[in-house]
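Below are the chains, spelled out letter by letter.
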Number of protein chains: 2
Amino acid sequence: MSVSDHIDGYGAVVPYRGVNTRVPGAGGVPAFGAPRPLKTPGQCKLLRSLEDAITASGLKSGMTVSFHHHLRNGDKVVNSVLDACARMGIEGLTLFPTALFDVHEPVAEHVRRGVVRQIMGSVNGAVGRMVSTEARELAPVVLRSHGGRPRAIAAGEVHIDVAFIAAPAADGAGNLSGRFGPSACGSLGYPQVDAMYADRVVAVTDNLMPVMPAPVSIPQIYTDFVVEVPSIGDPAGIVSGTTAVTRNPLRLLISRYAARVIELAPCFANGLSFQTGAGGITLAVTAFLREAMAAKGIKGGFGLGGITGYFVEMLRDGLLERLLDVQSFDAAAVKSLGGGSGEQNSAHVEISADWYANPWNAGAAVNGLDAVVLGATEIDRDFNVNVNTEADGTLLHGIGGHQDTAAGAGITIIAQPLLRGRAPCVVERVDCVTTPGDVVDVLVTEYGVTVNPNAPPPGSKKIWRGEILERVRAAGLPVVPMDALIDKAKAMSGPMSPIERTDRVAAVVEWRDGSVLDVVYAKSSKR
Amino acid sequence: MSVSDHIDGYGAVVPYRGVNTRVPGAGGVPAFGAPRPLKTPGQCKLLRSLEDAITASGLKSGMTVSFHHHLRNGDKVVNSVLDACARMGIEGLTLFPTALFDVHEPVAEHVRRGVVRQIMGSVNGAVGRMVSTEARELAPVVLRSHGGRPRAIAAGEVHIDVAFIAAPAADGAGNLSGRFGPSACGSLGYPQVDAMYADRVVAVTDNLMPVMPAPVSIPQIYTDFVVEVPSIGDPAGIVSGTTAVTRNPLRLLISRYAARVIELAPCFANGLSFQTGAGGITLAVTAFLREAMAAKGIKGGFGLGGITGYFVEMLRDGLLERLLDVQSFDAAAVKSLGGGSGEQNSAHVEISADWYANPWNAGAAVNGLDAVVLGATEIDRDFNVNVNTEADGTLLHGIGGHQDTAAGAGITIIAQPLLRGRAPCVVERVDCVTTPGDVVDVLVTEYGVTVNPNAPPPGSKKIWRGEILERVRAAGLPVVPMDALIDKAKAMSGPMSPIERTDRVAAVVEWRDGSVLDVVYAKSSKR
């Protein structure tokens, strides 16, 4: 967490000074954000090809292009647009996706050829590996949370020249929806701010509707051009079946502890609003919480985040009042949001990334969270969490909503095993700080509950950590101090060989307010 | 239409140069609009009184406050806020409502006392009369269309210090909806841009919900404060029963001619999208069109504008695919939009004023209109239309969507009788130009059809007027030249006494692009 004043290819660094310190209108941060482009409507927005759209949008070498990741590992639009740019001789682009996945491995070739000069966005899997080990010509990747990204756009810290929006449904006027068509993905929450602030917006669709899609995710007033292509995504990679609840007994134990901690917290009452995510452990937490809520007759408030069929069932069964959906994780979520057959549940609400998590609007949804259960690749003595790099130091994951929900929730629980394979997950010092320990209240492992002994940051609505500890003890749950966990992890893993690093900054980790938390150094390409 | 370079209390005048001439990024108009305020969320948005909200919002003398008119002649919020400001010693305010009605007559007293220094917005009835005849201390009222207003906000031509939003439903997080509660009004389309651009947003509600209203009209990310008051509106004045179709045979004849003109136009085919408004004549046009569509098996595209039960029925009966609702005119429209009992029809879509009509976004809904039927108080030889002043020269009406729909539609029809009472409605020169004749295609009176012989403005998608004339003739409808109409009106009305004017500019009429079309001079207070 010691970062220099300036990082080549990133620029001047605003150092991280605490979770609630960088705010608009103080300390050199302007009170007003980016102006928005004014447009003059053309008579017809329909263009015949991506090349035509690139030309019409005025896209040139050196510009910034944005994408969203609702099509996940099924997305075809990022690759198609970059291929078209390459064919047209455009180079030096800054790629500003919400996230890239394995399917975007061809980006590596565009980096080598100079078509792409910088990536700002989550780099998962193959693209992360490329950034970590090769790609010397690439400027440092800028990692932002789901809330930090719309904040940076709205504040004018990132200017989007052209936003390319993969649209599962679109009409000729440029009304876009994620709900309908062969590439349906449900919520289209991520690109909404891009659509509002980009100089030019190109919708790419494989489902050009003769009638306006309704409900609309992004209205026509932001869309300059619409291009129809044969396919924007591979359904197999877009909406996977719901991740199954873990059956691993050790992971189930962790889930049970995490659910118990929430049950013991003062927020476990009518109106309980929470996010639990779509991993095996966190899904099991949802299942346990559901049982507990039903048993005690508790009706929750809202379920937030990436929405799964588990949340949809809780809504249907009256255990939740609302679902706020920035990303629909499975077919049940798409259907509940109104995809296809008109079974729309109006209590299931599509929200933008801005609404989800931006710290500089008048209050994001994460601020209303009572509890969140999150994963980690590592957590350290100060409760700092790393979700970006794996044990071998490779950058493999984005920040997602980790920072935002951790900062917003009344109680933030990290649920993870002590080790993954042979690698310890509880360590002296994390390789990379994704989320500062200040906003992490509780760690749950298979050995029990570890409560952060430090006071929460000023200005947060965190519940009193001493109270949690007392209640957990009184309930007879095993309580483990951090020291003991670290020692145990060390003993079990045995000595780990240090990660070999170069001095090249591969990625910069921004806190959701735009200050810099940490950097990820590139690995030696030969180990 | 000859306006000076500068108007005291208004400032430098951008003269009107044609319907499609003032555009962003050319002729001194910036390509980018207003920056948006960045905010830091407070922990609790709920305040106990309007006074507390005024204090918290930082509202001071000389600032600009905005309001919306979805509660129409039942609104209690404008008066309450101004009363509170008066009590708190705040003065010199610029009032920026979408529209004021008879119920806002107390504004006159606030003008006399100096609480209000300027009004920018539609002034109907009593307030218009006050502006026309008294109120020497008031700066000229600025009249903007429904599209011109959000354009002016987004472009930074009007800066809103504090937006007060009457919210029929709100939660503590600041999510607002017009659909629920004792003061339900349906669509909350007008204040959406205000919410996005105002420095501070105060929601005033009489229906504080423990759960987020869904669907949400204005999300929490824009709302700074929420104040609960006993009542924001008088239901009797908010959603009136639907205006009845006219039974007056003369008016029915006009309606039939207007409907016939649309039937004869090339756009009378599947996908026909139109706006007909909620007046007696225009409702009858809807009824006639409906018959004609059903008879020929035509399925329309979208119905636009202020939505009535007539449009709702057409949607239900499959004669329209979509309703785009910027303002719900009756209880049937509120219900169809999802008010109350969950009968939401997802094909009935709430849209913002920006989406409805802003000429400087990427394409407003009005641009998709095939046909619009509008009223007028006067129309002249050049087809210029006046809807602002009455025969006696009093300012009694706002522009509404008149300019926007007239400019956007493929065929714009003015439907009105030749005289109203003794006053001629077809004249040599209108008292005040609300909508330039360039964008008016056809006038329909009880004497028949009068087609504008001039070419449509360049860059518009107006259908060929010669073609209309031919088809109308071929169909055997009576065709009347403008000359003949003016003469006939003159003969029937007899000599009219000229309107006595002072040289005080009471109101400035902006074209939707912000250029100045005309001014309204104050009347002599003694006549």
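All of these numbers come straight from a predicted model, not from anything done at the bench. (Residues numbered from 1 in each chain as written. Chains lettered and ligands numbered in written order. Predicted model: local features only at pLDDT ≥ 70, side-chain atom pairs only at ≥ 80, totals over all residues. Heavy atoms only, no water.)

Student: Quick question: what am I supposed to make of the relation of the copies chain A and chain B here?
Tutor: For these two chain copies, the linking operation is a rotation about an axis paired with a shift along it. At an RMSD of 0.0 Å, chain A and chain B line up after a rotation of 180 degrees and a shift of 0.0 Å along the axis. Considering both components of the superposition, the chain copies are consistent with a two-fold axis. When C-alpha distances to the rotation axis are compared across chain A, the minimum falls at Pro35 of chain A, with a value of 1.9 Å. In this assembly, 100% of the residues forming the interface of chain A have copies in chain B that are likewise at the interface, indicating an isologous arrangement. (Least-squares fit on C-alpha atoms with pLDDT ≥ 70 in both. Contact = heavy atoms within 4.5 Å.)

Student: Can you walk me through helix α14 (residues 465-474) of chain B in this structure?
Tutor: For the α-helix, the turn length of 3.6 residues means that residues three or four positions removed from each other point alike. Residues and elements named next belong to chain B. Looking at α14, one finds that the buried residues are Arg465, Ile468 and Val472. Taken down its axis, α14 places every buried residue within 55 degrees of arc, on the same side. Set apart from the buried face of α14 by more than 90 degrees, the exposed residues are Glu470, Arg473 and Ala474. Against the buried residues of α14 lie α8 (249-264), β24 (411-415), β28 (442-445) and β29 (448-451). Trailing α14 by a residue or two, Gly476 shows a phi angle of about 80 degrees, which is positive. (Buried < 20%, exposed > 50% of the residue type's maximum accessible area, 1.4 Å probe, protein only. Helix = DSSP H or I, 4+ residues; strand = E, 2+ residues; numbered from the N terminus. Arc of directions from axis to C-beta.)

Student: Looking at this model, I keep getting lost on the sheet that holds strand β23 (residues 385-386) of chain B. Mind explaining?
Tutor: Strand pairs in the sheet, formed through backbone hydrogen bonds, run parallel or antiparallel to each other. Residues and elements named next belong to chain B. Within the open sheet, the three strands sit side by side as β23-β22-β27. Their pairing is mixed. Here the strands that pair on one side only, and so sit at the sheet edges, are β23 and β27 (426-427). Pairing analysis gives two bridges linking strand β22 (residues 378-380) to β23, with the strands arranged antiparallel. Considered in β23, the bridge of Ile379 is made with Val385. (Pairing = 2+ DSSP bridges.)

Student: Please explain the interface of chain A and chain B as it appears in this structure.
Tutor: The figure often quoted for interface size is the accessible area lost as the parts come together. Taken together, the contacts link 54 residues of chain A with 54 residues of chain B. Buried area between chain A and chain B, both sides added, is near 4,200 Å², and the carbon and sulfur share of it is 60%. It is Leu38, Ile221 and Ala362 of chain A that lose the most area in chain A upon contact with chain B, and together they represent 17% of the buried surface on that side. Viewed at the interface, chain B and chain A are joined by zero salt bridges. When contributions to the side of chain A that touches chain B are tallied by element, the ones reaching two or more residues are β3 (32-37), α6 (192-197), β19 (320-328) and α12 (353-357) of chain A. (Buried area = accessible area lost by both parts, 1.4 Å probe. Salt bridge = Lys/Arg side-chain N within 4 Å of Asp/Glu carboxyl O.)

Student: Explain the domain arrangement of chain A to me, please; I cannot follow it from the model alone.
Tutor: Residues and elements named next belong to chain A. Here chain A is partitioned into domain 1 (42-120 + 156-238) and domain 2 (249-493 + 500-510). Contacts between the two partners involve 17 residues from domain 1 and, on the opposite side, 17 residues from domain 2. Roughly 1,300 Å² of surface becomes buried between domain 1 and domain 2 when both sides are summed, with 47% attributable to carbon and sulfur atoms. Per-residue buried area on domain 1 facing domain 2 is highest for Arg179, Ser187 and Tyr190; these three make up 40% of the total on that side. At the surface where domain 1 touches domain 2, the tally comes to one salt bridge. Arg179 is paired through a salt bridge with Glu350; the nearest N and O atoms lie 2.9 Å apart. Across the side of domain 1 that touches domain 2, the residue classes tally to seven nonpolar, seven polar and three charged. (Domains from an automatic or database assignment. Nonpolar A, V, L, I, M, F, W, Y, C, P; charged D, E, K, R; others polar.)

Student: Would you mind showing me how to read the sheet that holds strand β31 (residues 516-523) of chain B here?
Tutor: Residues and elements named next belong to chain B. The mixed open sheet is built from three strands, whose spatial order is β10-β30-β31. Edge positions in the sheet fall to β10 (141-143) and β31, since each has one partner strand and no second. In this sheet, neighbouring strand axes are inclined to one another by 35 degrees on average, regardless of whether the strands run parallel or antiparallel. When β10 meets strand β30 (residues 501-510), the two strands line up parallel, connected through three bridges. Within the sheet, the bridge partner assigned to Val141 lies in β30 and is Ala507. Sheet contacts for helix α4 (residues 126-133): β10, β30 and β31; angle to β30, the most-contacted strand, approximately 135 degrees. (Axes fitted to C-alpha atoms, helices over the stretch in contact; angles between N-to-C directions.)

Student: How should I be thinking about the pairing of strand β28 (residues 442-445) of chain A in this particular structure?
Tutor: Both faces of the sheet carry side chains from a regular strand, because those side chains alternate between them. Residue and element names in this part refer to chain A. Burial along β28 is two-sided: Val442 and Val444 and Leu443 and Thr445, pointing in opposite directions, are all buried. Pairing analysis gives three bridges linking strand β24 (residues 411-415) to β28, with the strands arranged parallel. Bridged to Ile413 within β28 is Val442. Taken together, the four bridges between β28 and strand β29 (residues 448-451) define a ladder with antiparallel strand orientation. The residue bridging Val444 from the neighbouring strand is Val449, located in β29. Between β28 and β29, which pair antiparallel and follow one another directly, the connecting turn spans two residues.

Student: I would appreciate a short explanation of unusual backbone geometry in the present structure.
Tutor: Among all residues save glycine, negative phi is the norm, and among peptide bonds the norm is trans. Cis geometry marks the peptide bond from Ala214 of chain A to Pro215 of chain A; its omega dihedral reads 0 degrees. In this structure, Pro215 of chain A sits in the loop between β15 (208-209) and β16 (225-228). A positive phi angle, close to 70 degrees, is found at Phe383 of chain A, a residue other than glycine. Note that Phe383 of chain A resides in the loop between β22 (378-380) and β23 (385-386). In this model, Arg72 of chain B sits at a positive phi of 45 degrees, which is unusual for a non-glycine residue. Assignment of secondary structure puts Arg72 of chain B in the loop between β5 (64-67) and α2 (77-87).

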